[in-house]
Amino acid sequence: MAAWLGVAWMATAHAQTAVPRADTRSVVDPQAPASESGASKYTASEIRALIEARGYHPVTRLRLDSAGTWHALAEQYGKTIEVSVDQRGNLSVARERN
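Residues numbered from 1 in each chain as written. Predicted model: local features only at pLDDT ≥ 70, side-chain atom pairs only at ≥ 80, totals over all residues. Heavy atoms only, no water.

Participant: Sorry if this is basic, but what is going on with the pairing of strand β4 (residues 91-97) here?
Facilitator: Along any regular strand, the residues point their side chains to alternate faces of the sheet. In the sheet, strand β3 (residues 79-85) pairs with β4 via six bridges, with the strands oriented antiparallel. Directly across from serine 84, in β4, lies its bridge partner serine 92. Count of turn residues in the β3/β4 antiparallel hairpin: five residues, of which glycine 89 carries a positive phi of about 95°. (Pairing = 2+ DSSP bridges. Helix = DSSP H or I, 4+ residues; strand = E, 2+ residues; numbered from the N terminus.)

Participant: Can you help me understand the nonpolar core in this one?
Facilitator: Looking at soluble globular proteins, one finds that nonpolar side chains tend to be buried together. Of all hydrophobic cores here, the largest spans 14 residues; its most connected members are Ile47, Ile51, Tyr56, Val83 and Val85. The set of elements that each furnish at least two residues to this core consists of α2 (44-53), β1 (59-64), β2 (70-76) and β3. Filtering out sequence-adjacent residues up to four positions away, valine 83 remains in contact with Ile51, Tyr56, Trp70, His71, Ala72, Leu91, Ser92, Val93 and Ala94. (Core = buried A, V, L, I, M, F, W, Y, C linked by side-chain atoms within 4.5 Å. Buried < 20%, exposed > 50% of the residue type's maximum accessible area, 1.4 Å probe, protein only. Contact = heavy atoms within 4.5 Å.)

No statement about biological role is implied by the geometric values presented.
Written out as structure tokens, the structure is:
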């Protein structure tokens with residue numbers, strides 16, 4: 001019986017400590033407020049790393065627009081894709097390029 005209680009306790013402890021899956025389309029803090037227009041709280045290196053971590057590489061033509069959104073071209077599965085990252089770190093796929 002003691003062994004069964006130990007297993008039950010371990011199962012309960014594991015269930016209580018399970019971490020929910022994070023939103024894979026946002027950077028570290030998806031609750032962060034947006035920066036002022038035209039500003040970005042992320043560096044080009046951080047944005048490049050975020051895009052590459054989502055499976056898009058190589059990242060080229062990385063640029064910041066006047067609204068604070070990063071835009072780039074990247075490849076995935078041999079196709080060139082237009083991607084963007086907003087001020088909160090949300091990654092969007094704009095479209096496939098020919």
